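What the coordinates show
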Amino acid sequence: MKIVVSGGGTGGHIYPALALIRTIQAKHPNTEFLYIGTEKGLESKLVTRENIPFQSIQITGIKRSISLENIKTFIRFFKGVKDCKRLLKSFKPDVVIGTGGYVCGPVVYAAAKQKIPTIIHEQNSIPGLTNKFLSRYVNKVATCFDSAGEFFPKEKVVLTGNPRASEVIGEQNKDILQSLGLSANKKTVLIVGGSRGARPINEAVIKSLAEFAEKPYQIVYVTGEVHFNEVEKEVSLVGKPENIVVAPFIHNMPDLLRGVDLVISRAGATTLAEITALGLPSILIPSPYVTNNHQEKNASALTEKGAATMLLENNLTGPQLIKSIDEILLNDEKIMKMKKAAKGMGIPDASDRLFKVMQDVIEY
Ligand SMILES: CC(=O)N[C@H]1[C@@H](OP(=O)(O)OP(=O)(O)OC[C@H]2O[C@@H](n3ccc(=O)[nH]c3=O)[C@H](O)[C@@H]2O)O[C@H](CO)[C@@H](O)[C@@H]1O
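Conventions we followed
Here the residue numbers are simple positions, counted from 1 along each chain's written sequence. Where totals are concerned, whole chains, interfaces and linings use all residues; where local detail is concerned, this predicted model gives features only for residues with pLDDT of at least 70, and gives and counts side-chain atom pairs only at 80 or more. The basis for the side-chain values is all heavy atoms of the structure; hydrogens and waters are excluded. UniProt positions are given in the numbering used here, feature names are shortened, and annotations may be inferred rather than shown by experiment. Proximity criterion: a residue is near a molecule or strand once any of its heavy atoms comes within 4 Å of it. Each polar contact in these results corresponds to two N or O atoms within 3.5 Å; when the atoms are within protein, one needs to be able to donate a hydrogen and the other to accept it, and residues that are neighboring in sequence are counted only if both atoms are side-chain atoms. Accessibility throughout is a Shrake-Rupley quantity obtained with a 1.4 Å probe, and a residue counts as covered only by protein chains that appear here. Residue classes follow a fixed rule: Ala, Val, Leu, Ile, Met, Phe, Trp, Tyr, Cys and Pro count as nonpolar, while Asp, Glu, Lys and Arg count as charged, and any other residue, Gly among them, counts as polar. Domain borders in the structure are assigned automatically or taken from a domain database. Each helix is a run of DSSP H or I of at least 4 residues and each strand a run of E of at least 2, with the numbering of both proceeding from the N terminus. Burial status follows relative accessibility: with a 1.4 Å probe on protein chains alone, a residue under 20% of its type maximum counts as buried, one over 50% as exposed, and anything between as partly exposed. Whether two residues touch is decided by their heavy atoms; if any such pair falls within 4.5 Å, the residues are in contact. Buried area: the accessible surface (1.4 Å probe) lost by two parts on joining, summed over both. For salt bridges, the criterion is a side-chain nitrogen of Lys or Arg within 4 Å of an Asp or Glu carboxyl oxygen. Only centres within 6.5 Å qualify two rings of Phe, Tyr or Trp (six-membered ring in Trp) as a pair; their planes then separate them into stacked at under 30 degrees, edge-to-face at over 60, and tilted for everything else.

The annotation that UniProt attaches to the protein chain under Sequence similarities (unreviewed entry) is "Belongs to the glycosyltransferase 28 family. MurG subfamily." In its Pathway (unreviewed entry) section, the UniProt record describing the protein chain reads: "Cell wall biogenesis; peptidoglycan biosynthesis."

Structure representation (structure tokens):
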């Protein structure tokens, strides 16, 4: 079998694609893959380090306001479609799957025009522009939230969940905490601002460092690659408590997630799929800078079930962050309830479900 995968820009679109590829590689080792992305997106780094064949095209996202840049984007889109048609003709895939981000636009569109079976995977509760556009042309739309289905042609929608949920499932192993220089026996909080980090979260954490030093729990704090140097400088001015580890990015996030007790994060949909699959309590700080405020909607799905608490960025201060952590981590009964609620929302067999959709469109 030959499969083209495309998805990019941020980790939330790339990791589901990689998780799906790994599932298929495990089941059908002879499958050939081609990943199409952009050089600028995180995919050019994340995909190549997995030794998956990677080709890049040039494309930019569309701006919501009318601008000259959009005319250039349309020109790039059609040039991208032409380049993709050439790549697809030479690779001859059985199916093409897009996991979101604007790079999928020309890839999936070109495939649909060449009558190659196509699927898009939408991670969020409110779909992105590219997936809405592509839904007219594809065979199936795989979703992770019921609410996303309303935005797509009904007959094409299948609720599969996010393949990354399947990937994080596994035995809990605290070795990773020790390898980071932390204790295997203390409760552990992971603080992460999505795949690129989030400055407002970083600011609140830096302001809380002195107080964290007094806490009975420990913290893995992931700054995001681009913010790391600046954060390190500020941390060295205040002094880093021994119970905190600061890292720019964690490549083996599934291992780490299996070792922590509480996650503080933006409300990116792939992160939410991971924490619900594992049944992890969370404090979600939705990014207000995303299309249609979709992260707040993503987060609400969890808070409505009691799986998470939400802290809006407007209310994010150092003291509020510490209060929110203590309310959960120092209350075993609350932890148990949140764990159960989170687990109840997880879709751990998402990879299998999505693979089944692929088989169905190929055989159709
Ligand atoms: C600003 C923006 O547009 N954000 C979107 C983007 O978020 P973003 O890329 O931040 O996505 P998510 O939070 O959903 O997923 C992040 C992924 O990166 C991984 N990870 C993160 C940090 C790290 O150090 N190591 C690591 O491996 C996580 O485990 C997860 O698999 O895609 C999501 C999924 O479509 C959307 O919901 C978000 O709104």
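1. Description of the site of the ligand
Residues in contact with the ligand amount to 24 residues; listed here are only the nearest, Asn124, Ser195, Thr271, Glu274 and His294. Residue Gly11 places a main-chain N or O atom 3.2 Å away from an oxygen atom belonging to the ligand. The contact in question runs from an oxygen atom of the ligand to an N or O atom on the side chain of Tyr15, over 3.5 Å. In isolation the ligand offers 770 Å² of accessible surface; the protein chains occlude 88% of this area. In the shell around the ligand, the residues fall into eight nonpolar, 14 polar and two charged. Both domain 1 (2-164 + 348-363) and domain 2 (170-345) contribute no fewer than three residues apiece to the shell around the ligand.

2. Side note on the UniProt feature "binding site: UDP-N-acetyl-alpha-D-glucosamine" (unreviewed entry) in the protein chain
Here, UniProt's "binding site: UDP-N-acetyl-alpha-D-glucosamine" (unreviewed entry) annotation points to Thr10, Gly11, Gly12, Asn124, Ser195, Ile250 and Gln295. A maximum C-alpha distance of 22.5 Å shows the annotated residues, which cover 286 residues in sequence, to be distributed over more than one spot. Locating Gly12 in the fold gives a position in helix α1 (residues 11-27). Given a relative accessible area of 24%, Gly12 falls into the partly exposed group. The topology assignment puts Ser195 in the loop between β8 (188-192) and α8 (199-212). Among the polar contacts made by the side chain of Ser195, one reaches the main-chain amide nitrogen of Gly11 at a distance of 3.0 Å.

3. A look at the domain arrangement of the protein chain
Domain boundaries assigned for the protein chain yield domain 1 (2-164 + 348-363) and domain 2 (170-345). For domain 1 versus domain 2, the distance between C-alpha centres works out to 29 Å. Between domain 1 and domain 2, the contact holds 19 residues from the first and 16 residues from the second. Of the roughly 1600 Å² buried between domain 1 and domain 2 on both sides combined, carbon and sulfur atoms contribute 56%. It is Ile126, Phe145 and Arg164 that lose the most area in domain 1 upon contact with domain 2, and together they represent 33% of the buried surface on that side. Seen at the junction of domain 1 and domain 2, the total is one salt bridge. Between Glu274 and Arg164 there is a salt bridge; the shortest N-O distance is 2.5 Å.

4. Observations regarding the UniProt feature "domain: Glycosyl transferase family 28 C-terminal" (unreviewed entry) in the protein chain
Within this structure's numbering, the places UniProt gives as "domain: Glycosyl transferase family 28 C-terminal" (unreviewed entry) are residues 188-354. This span, residues 188-354, is 49% helix and 14% strand, and a straight line between its end C-alpha atoms measures 32 Å.

5. Topic: the packing of aromatic side chains
A complete count under the given rule lists seven aromatic pairs for this structure. With a centroid separation of 5.6 Å and 55° between ring planes, the pair formed by Phe77 and Tyr109 is classed as tilted. Here Tyr109 lies in helix α4 (residues 104-113) and Phe77 lies in helix α3 (residues 68-91), a separation of 32 residues in the sequence. You can call Phe77 buried: its relative accessible area is 12%.

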